[in-house]
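One letter stands for each residue in the lines below.
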Amino acid sequence: MRPVLIIAVLAAIAPASTSGQQSTADLQEAMRAGDRTPSARTLLSATSAALNLRDYDAAEGYLEQAWEDAFPIFNGLVNMSIMTALSSGEGVVGAQRAFRNANATFNFTPINISAIAGNFPEILASGEYDDMVLSLSEDHPDPRYQCGCWNTKAWVHRLAGRHEEATAIWADLVAGQITAVNDAPNPSAEAQIRGQYARNLARAGQEAESRRQLEISMNTEVDEAALPAIRRRWAQTYAELGEVDAAVEHLEALLAMNSTISVHALESRAAWALIRDEPAFQAMLDRHR
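Small disclaimer: the values here were computed from a predicted structure and weren't measured.

Caption draft 1: Inspection of helix 9 (residues 163-174) at higher detail. The end-to-end C-alpha separation of helix 9 is 16 Å, in line with the 16 Å expected for twelve residues at 1.5 Å each. Every buried residue of helix 9 is listed here: Ala 166, Ile 169, Trp 170, Leu 173 and Val 174. Across the axial projection of helix 9, the buried residues extend over an arc of 140°, all falling on one side. The inward-facing, buried residues of helix 9 contact helix 8 (150-159), helix 10 (178-182) and helix 11 (187-203).

What follows is the structure, encoded as structure tokens:
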């Protein structure tokens, strides 16, 4: 669902205003530019040109394309703001502050909040969104709440110490995930999705199948550029299985290469909470501080 954006955000990609009337030729060229090199900026310029030419069907088409192009940018801004706070040492409090600032800009719906919290459960640590997340359902009468959101619900329970409830919900989640694994478009994507599947199986208490899927993922040939993200899934799976030394081995490698893993993130992210107090994990952090 599209967020409600404040004017300052739209201004960053809006076409520059002009004084005086633009010629028909100039307006038509702006529309052709939107067709030739579509981007949020050129498509917004094309929308404005179409409106000036009173071609409202074209304006609606350009605007729809502009939204499709711009939304990943907005989504990336939110994710990177939270990730930067966690990675740079601002901790859970910093992540929650980054989320609140983003929410003030984008006015997230309940489904938006749940999607972000699924990736960054740290924003759930305060408990303020628990009731809202747990009220989400696929048949909810309000479209803003129509979501199974199993992963986020499981995190709500885990962070509240209700591990059995979290495990049961993750079991519901993994029941349909094998389809995504089988539909992966290339080996690197398959290794990534299978690694995530293995991690979720471990969270669901299905250890034997988790290990089997992890082994397949680790034996898949992947692109070097994709390896850091995939290796993070392997480390998460080992953490969920309680295999501290194996998790540390992969995290040590990630700390030594270009990756989003940092000591600060390992100290604060919920994904590592199960093994954070283990001596081997703490020793690894000390080596890289």
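Here the narrative resumes.
Caption draft 2: Quick look at the packing of aromatic side chains. Inspection of the entire model under this criterion finds five aromatic pairs. Here the aromatic rings of Phe 99 and Phe 108 are separated by 5.5 Å at their centres, their planes lie at 20°, and the arrangement is stacked. Across the pair, Phe 108 and Phe 99 agree in class, each one buried. A ring pair is formed by Trp 155 and Trp 170, whose centres lie 5.5 Å apart and whose planes are at 85°; its orientation type is edge-to-face. Here Trp 155, found in helix 8, pairs with Trp 170, found in helix 9; they are 15 residues apart in sequence, far enough to count as distant. The two residues Trp 155 and Trp 170 agree in class, both being buried. Ring-pair connections join several aromatic residues into one group, and the members of that group are Phe 74, Phe 99, Phe 106, Phe 108 and Tyr 129.

Caption draft 3: Structural view of the pattern of salt bridges. One pass over the full model with this rule turns up 14 salt bridges. We note a salt bridge from Arg 32 to Glu 29, for which the minimum N-O separation is 3.2 Å. On the criterion of helical spacing, the pair formed by Arg 32 and Glu 29 is a turn pair, its members being three residues apart in helix 2 (residues 24-36). Judged by its relative accessible area of 41%, Arg 32 is partly exposed. According to the relative accessible area criterion, Glu 29 is partly exposed, its value standing at 31%.

Cut-off values and rules
- Residues numbered from 1 in each chain as written.
- Predicted model: local features only at pLDDT ≥ 70, side-chain atom pairs only at ≥ 80, totals over all residues.
- Heavy atoms only, no water.
- Helix = DSSP H or I, 4+ residues; strand = E, 2+ residues; numbered from the N terminus.
- Expected span 1.5 Å × (residues − 1).
- Buried < 20%, exposed > 50% of the residue type's maximum accessible area, 1.4 Å probe, protein only.
- Arc of directions from axis to C-beta.
- Contact = heavy atoms within 4.5 Å.
- Phe/Tyr/Trp six-rings, centres within 6.5 Å; stacked < 30°, edge-to-face > 60°.
- Salt bridge = Lys/Arg side-chain N within 4 Å of Asp/Glu carboxyl O.

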